[in-house]
Amino acid sequence: MDASCASCWKQDGQYRCSDCFRSGLYCQDCCVSAHAALPFHSITQWNGRYFEKTTLQALGFVLHLGHGGSSCPQMSEEGYSGTELTVVDLDGIYIHTVAWCACTDPAERWKQLLRTRLYPASVQFPRTAFTFRLLNYFNMDILECDTSSASFMTKLRRLTNLYDPMNVPVSTMFVERCTDIYPQSTGSIPGVDEGINSVVLPRSPSHIWFCP
Ligand SMILES: [Zn+2]
Ligand SMILES: [Zn+2]
Ligand SMILES: [Zn+2]
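Residues numbered from 1 in each chain as written. Chains lettered and ligands numbered in written order. Predicted model: local features only at pLDDT ≥ 70, side-chain atom pairs only at ≥ 80, totals over all residues.

Go over unusual backbone geometry with me, naming the residues and quoting the values.
With a phi close to 60°, Trp9 is a non-glycine residue in the positive phi region. Non-glycine residue Asp146 carries a positive phi angle of around 55°. With respect to the helices and strands, Asp146 occurs in the loop between helix 3 (132-145) and helix 4 (149-160). Residue classification places Asp146 among the exposed positions, given that 8 C-beta atoms sit within 10 Å. (Helix = DSSP H or I, 4+ residues; strand = E, 2+ residues; numbered from the N terminus. Buried ≥ 20, exposed ≤ 12 C-beta atoms within 10 Å, placed from the backbone.)

Could you give me a rundown of helix 4, with the residues and numbers involved?
Residue pairs spaced three or four apart in an α-helix point in one direction, given the helix's 3.6 residues per turn. When the terminal C-alpha atoms of helix 4 are compared, their 16 Å separation across 12 residues agrees well with the 16 Å that a helix rising 1.5 Å per residue should span. Along helix 4, the residues that are buried comprise Phe152, Met153, Leu156, Arg157 and Thr160. The buried residues of helix 4 occupy an angular sector of 140° when projected down its axis, which confines them to one face. (Expected span 1.5 Å × (residues − 1). Arc of directions from axis to C-beta.)

How would you summarise the nonpolar core if you had to cite specific residues and measurements?
Here is a general trend for soluble globular proteins: nonpolar side chains tend to be buried in one another's company. With 35 residues, the main nonpolar core has Tyr26, Leu65, Val87 and Ala129 as its most contacted residues. Two domains each donate at least three residues to this core, and these are domain 1 (1-60) and domain 2 (62-199). If sequence neighbours within four positions are ignored, Ala129 has contacts with Leu85, Val87, Leu113, Leu118, Tyr119, Pro120 and Ala121. (Core = buried A, V, L, I, M, F, W, Y, C linked by C-beta atoms within 7 Å. Domains from an automatic or database assignment. Contact = placed C-beta atoms within 7 Å.)

Explain the pairing of strand 6 (residues 92-99) to me, using residue names and the numbers behind them.
One ladder, built from 3 bridges, connects strand 4 (residues 62-64) with strand 6; its direction is parallel. Across the sheet, residue Leu63 finds its bridge partner in strand 6, namely Val98. Sheet analysis places strand 5 (residues 84-89) next to strand 6, joined by 6 bridges and oriented antiparallel. Bridge pairing links Val87 to Tyr94 in strand 6. What sits between strand 5 and strand 6 in their antiparallel hairpin is a turn of 2 residues. (Pairing = 2+ DSSP bridges.)

Break down the sheet that holds strand 1 (residues 15-17) for me, citing the residues and quoting the values.
Strand order across the open sheet formed by 3 strands is 1-2-3, with antiparallel pairing between neighbours. A single partner strand is all that each edge strand has here, and the edge strands are strand 1 and strand 3 (51-54). Averaged over all pairs of adjacent strands, the angle between their axes in this sheet comes to 35°, without regard to strand direction. In this structure, strand 2 (residues 43-46) lies alongside strand 3, joined through 4 bridges in antiparallel fashion. If you follow Trp46 over to strand 3, its bridge partner there is Phe51. (Axes fitted to C-alpha atoms, helices over the stretch in contact; angles between N-to-C directions.)

Got a sec to walk through the sheet that holds strand 6? Specific residues and values, please.
The 5 strands lie next to each other as 4-6-5-8-7, forming an open sheet whose pairing is mixed. Each edge of the open sheet is held by one strand with a lone partner, namely strand 4 and strand 7 (118-120). Looking at each pair of strands side by side, their axes are set apart by 45° on average, direction ignored. Here helix 3 sits on the sheet and contacts strand 5, strand 7 and strand 8 (128-131); the angle it forms with strand 8, its principal contact strand, is near 65°. The sheet contacts of helix 4 involve strand 5 and strand 6, and relative to strand 6 the element is tilted by about 70°.

Let's hear about helix 3: which residues, and what values?
The end-to-end C-alpha distance of helix 3 is 19 Å, a good match for the 20 Å that 14 residues give at a rise of 1.5 Å each. Asp146 sits one or two positions beyond helix 3 and adopts a positive phi of about 55°.

Give a detailed account of the pairing of strand 8, specifying residues and quantitative values.
Two elements, strand 5 and strand 8, share 3 bridges in a ladder whose sense is parallel. Opposite Val88, over in strand 8, you have Phe130 as the bridge partner. Sheet analysis places strand 7 next to strand 8, joined by 3 bridges and oriented antiparallel. Along strand 8, the bridge assignment pairs Tyr119 with Phe130.

Give me the environment of Pro126: which residues, what numbers.
Mapping Pro126 onto the fold places it in the loop between strand 7 and strand 8. Pro126 gets classed as buried once you count the C-beta atoms within 10 Å, which come to 22. Through-space distance from the C-alpha of Pro126 to that of Glu84 is 9.7 Å; in sequence the pair is 42 residues apart. If we skip the residues at most four places from it in the chain, Pro126 touches Arg109, Trp110, Leu113, Pro120 and Ala121.

Written out as structure tokens, the structure is:
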């Protein structure tokens, strides 16, 4: 396959996205920049014989937090190397290199995640987060389809890696926490009326909220 990047027309186009409305092949730089606000898309790379699954992280994508998706002005290139976040979304599980805000007095990391509609699995050391749209979808699945957390997690694992789902690095335990987050009753959800700070468990070893 010999094609130029559909965006810059300067480099070879090797990458395509399964989720973007725009079709076409893109170079690495254009593929990364086109996904600055679309971090949970599935990317494939032409390897000479077929389109092989790759990730935005492998292409050098960095998920910036604390400045509305833009990079922190105080962040150096070395500052975010090696910091990874596993994000569970509707159509799979993604691992991203994360650049946390490095300003003088930054918001706590769990707050930086919540402000981008990512629900952290831990307050103290968030390494896993769920998109809000996933939690809403899971809540509806429980209500209408009586889906168990184990089945839901298996589905997400298969969506991420059809051929080796059990090696996808997210525990069913996390999805079970989602069940706590979204009560199945129609009663009031803790934290909605009182504010989220009222339901943070400051001394709990699990450190999880009941409501995003
Ligand atoms: Zn390009
Ligand atoms: Zn895309
Ligand atoms: Zn900052």
